[in-house]
Amino acid sequence: MPLISLRVTTTPRDTWEATLNTTTLHPRRLPPRGTRLRGLFVLALLAALLGPAPTAAGSAPPRHDVVTWATSAFRLGTGVPDRAYRLVVHTSVGGDRMRVRLSNAFGDRPLTFDSVYAGLQREGAALVPGSNRRLTFDGRTSVTVPPGGLVLSDPLPGRVRARTNLVVSVHSPDAAGPATGHRLAMQTSYVTQGDHTADESAAPWTTTVTSWFYLDAVTVRTPARTGAVVALGDSITDGWESTTDLNRRWPDYLSRRLQHSHATTVRGVANAGISANKVLADTASPSALNRLDRDVLSHPGVRTVLLFEGVNDLKAHTGVTAQDLIDGYRLLTDRVHAAGHCVVAATIAPFKGWPEWDPQAEAVRQEVNAFIRTGGLFDAVADFDRAVRDPGDPESIRPAHDNGDHLHFTDEGMRAMADEVRPKDLECASGPGR
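Just so it is clear, the model here is predicted, and its values are computed rather than measured. (Residues numbered from 1 in each chain as written. Predicted model: local features only at pLDDT ≥ 70, side-chain atom pairs only at ≥ 80, totals over all residues. Heavy atoms only, no water.)

(A) Layout of the overall build of the protein chain. The helix and strand tally for the protein chain stands at 10 helices and 26 strands. Per-residue burial for the protein chain yields a buried fraction of 53% across its 434 residues. Put simply, 79% of the contacts in the protein chain that link residues at least 6 apart link residues at least 24 apart. Per element, the accessible surface of the protein chain, about 18,800 Å² overall, is 55% carbon and sulfur. (Helix = DSSP H or I, 4+ residues; strand = E, 2+ residues; numbered from the N terminus. Buried < 20%, exposed > 50% of the residue type's maximum accessible area, 1.4 Å probe, protein only. Contact = heavy atoms within 4.5 Å. Areas by Shrake-Rupley, 256 points an atom, 1.4 Å probe, with all protein chains shown as cover.)

(B) Structural detail: the packing of helix α7 (residues 322-338) against helix α8 (residues 359-374). Between α7 and α8, whose axes approach to 9 Å, the crossing angle comes to 35°. Remark: the crossing between α7 and α8 carries right-handed chirality. Residues A322, L325, I326, Y329 and R330 of α7 pack against V364, E367, V368, F371 and I372 of α8. A class-by-class count of the residues in the contact of α7 with α8 yields 8 nonpolar, no polar and 2 charged. (Axes fitted to C-alpha atoms, helices over the stretch in contact; angles between N-to-C directions. Left-handed = near helix turned anticlockwise from the far one by under 90°. Nonpolar A, V, L, I, M, F, W, Y, C, P; charged D, E, K, R; others polar.)

(C) Structural view of the state of the cysteines. Under the definition given, this model contains 1 disulfide. Disulfide partner of C342: C428, at an S-S distance of 2.0 Å. For the disulfide bridge between C342 and C428, the dihedral angle about the S-S bond is near 75°, and by the sign convention the bridge is right-handed. Placement of C342 in strand β23 (residues 342-346) and of C428 in the segment after α10 (411-420) is noted, with a sequence separation of 86 residues between them. The pair C342 / C428 is uniform in exposure class, with both members buried. (Disulfide = S-S within 2.5 Å.)

(D) The arrangement of the sheet that holds strand β18 (residues 212-213) in detail. Strand order across the open sheet formed by 3 strands is β4-β15-β18, with antiparallel pairing between neighbours. The open sheet is flanked by β4 (74-78) and β18, the only strands paired with a single partner. (Pairing = 2+ DSSP bridges.)

(E) Local environment of the sheet that holds strand β24 (residues 380-382). With respect to topology, 5 strands assemble into an open sheet ordered β21-β20-β22-β23-β24, the strand pairing being parallel. Single-partner strands in this sheet number two, and they are β21 (266-273) and β24. Put simply, the sheet's adjacent strands are angled 25° from each other on average, direction ignored. Pairing of strand β20 (residues 227-233) with strand β22 (residues 302-308) involves 6 bridges; the strand directions are parallel. Directly across from A231, in β22, lies its bridge partner L306. Strand contacts of helix α5 (residues 288-297): β20, β21 and β22, with the helix running at about 150° to β20, the strand carrying the most contacts.

(F) View of the nonpolar core. M98, F113, L232, Y329 and F378 are the most contacted members of the largest nonpolar core, which totals 76 residues. The biggest single contributor to this core is α7, with 6 residues. Excluding its chain neighbours within four sequence positions, the residues that come into contact with Y329 are V279, L307, E309, G310, I348, V368, I372, L377 and F378. Counting residues in hydrophobic clusters, the runner-up holds 27 residues, among them Y253, F384, V388 and M417. (Core = buried A, V, L, I, M, F, W, Y, C linked by side-chain atoms within 4.5 Å.)

(G) A look at the pairing of β21. In terms of burial, β21 is a largely internal element, 8 of the 8 residues being buried. Here β20 runs beside β21; their pairing, made up of 7 bridges, is parallel. Bridge pairing links A228 to G268 in β21.

See below:
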């Protein structure tokens, strides 16, 4: 009779999928009859002692989709027809049945993608041989996204590892009008004319870009106990001035910690930071309140939102008071709680030395931070201010953490903020604390 065994090999292609191997037992390989009878007796005795074995269906633990990577939509100039993008992203949690989400959030006309592939990065624009696989949408290789819309691909069989450089290649024959993407990727991706999405070599991909175009999120299927956290913030969360291509934004450092933490089952990390973002007012991007649904609550598997916003509201001298900002936090937190998630708030970091700093803005920052720490609104607090401030001048960033502009951070500063987050605070096991 055929014996079916599951084997997962370690070749690059098998990062994606396990293979079934069928072996036929040859009669000459059977053990002697007496040995077989003794073996059957032992198995019968074990069955009697342990009870019936669970069925495959009954023993399978529940599973669900969890976001493993995401970014926030932004308007990026004008779309170019017959252009392809090879976009490099870094996963957080591992899982199978990967899906990608494409965005036309800022488009003013339908946008067609006629070729979308996903593979693993070897080096630069070159992919691991055999890893590049075509994605479909409702079984079709082409999909048209309406203006302002999102589209999710069909699941791709196989597994994607945690903290892997995934490469999504997209081509649009008719891109025009406002393009959707994310400007400050802090990651090198690649561009070419014509459809080279199926190519695994780097040869056609001669132009580099440090923005992501059209790609919005990546999800994987995981055990149902696994959750995700979304970091909602501005350019600091976006990773501005961290080292390009090394994944040293503070959410990346947090992701590294969470993969091995025994204090939480949160493994997915989505970065919803966007440069110049405010809690209350729209700028080049929608405010945190206005983008919350799309950039945060729409992702699967989210357990907690880590809120680190406010410095752009108070440093811009628009008359925003501490109470204004607190009221904005309250509105945002109420909506996150209503969606069934927890909110961990981070205190606003120092920015003395930045051109817009003055004592009035500092006073608002101190009042807001006092509320974050003691106001009781949030499920937990991460004191980023304490983690990065200069002990000799608490209104300023510690020199080793200051990138030089007195607002943004070095890689060491990014790590210090991530280390301030207690993994157990992200668990939200008992539901939002209200």
